[in-house]
Amino acid sequence: MPEKMCAAALVALRLKTLPMPVNVPVLSIVAAWHRRHEPDRAHGWLRQQVQAVLMELTAAGPR
């Protein structure tokens, strides 16, 4: 799990991170939805929120 995603748990539970013992390939994240949801404003808003969070989590790159 990316360190940024579990930062709160690291602090709250006094955990620490360790480097991966093996090289892990970069993952691609793909989203798909039925075309009937395309005009749905709430669905569009949710897609934008998910994209923004993922962009923020990956902006700094690996630690």
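Further up the page is the structure itself.
Residues numbered from 1 in each chain as written. Predicted model: local features only at pLDDT ≥ 70, side-chain atom pairs only at ≥ 80, totals over all residues. Heavy atoms only, no water.

**With respect to the overall build of the protein chain**
When helices and strands are tallied, the protein chain shows two helices and zero strands. A compact globule built from 63 residues would reach a C-alpha radius of gyration of about 11 Å, whereas the protein chain, at 16 Å, exceeds it by more than 25%. When each of the 63 residues of the protein chain is scored for burial, the buried share is 5%. For the protein chain, the exposed surface amounts to about 6,300 Å²; the carbon and sulfur share of it is 63%. (Helix = DSSP H or I, 4+ residues; strand = E, 2+ residues; numbered from the N terminus. Rg over C-alpha atoms; globule rule 2.2 N^0.38 Å. Buried < 20%, exposed > 50% of the residue type's maximum accessible area, 1.4 Å probe, protein only. Areas by Shrake-Rupley, 256 points an atom, 1.4 Å probe, with all protein chains shown as cover.)

**Focus: a nonpolar patch on the surface**
On the surface, a cluster of nonpolar side chains totalling about 310 Å² of accessible area is made up of M20, V22 and V24. Position of V24 relative to the elements: it lies in the loop between α1 (7–12) and α2 (41–59). Look at V24 and you get partly exposed, because its relative accessible area is 48%. (Patch = residues over 30% accessible without salt bridge, like charges linked within 9 Å, V, L, I, M, F, W, Y side chains within 5 Å. Salt bridge = Lys/Arg side-chain N within 4 Å of Asp/Glu carboxyl O.)

**A word on the packing of aromatic side chains**
Aromatic ring pairs are defined here through the distance separating the ring centres and the angle between the ring planes. Taken as a whole, this structure holds zero aromatic pairs when the rule is applied. The ring of W33 has R47 sitting right over it, with the charged end atom 4.3 Å from the ring centre. (Phe/Tyr/Trp six-rings, centres within 6.5 Å; stacked < 30°, edge-to-face > 60°. Lys NZ or Arg CZ within 6 Å of the ring centre and 35° of its normal.)

**What to know about the environment of A7**
Locating A7 in the fold gives a position in helix α1. When the C-alpha positions of A7 and T17 are compared, they lie 9.8 Å apart, and in sequence the two are ten residues distant.

**Observations concerning the pattern of salt bridges**
With the rule as written, the count across this model stands at one salt bridge. Its salt-bridge partner being E38, residue R47 comes within 3.8 Å of it at the nearest N-O pair. By relative accessible area, which is 47% here, E38 ends up partly exposed.

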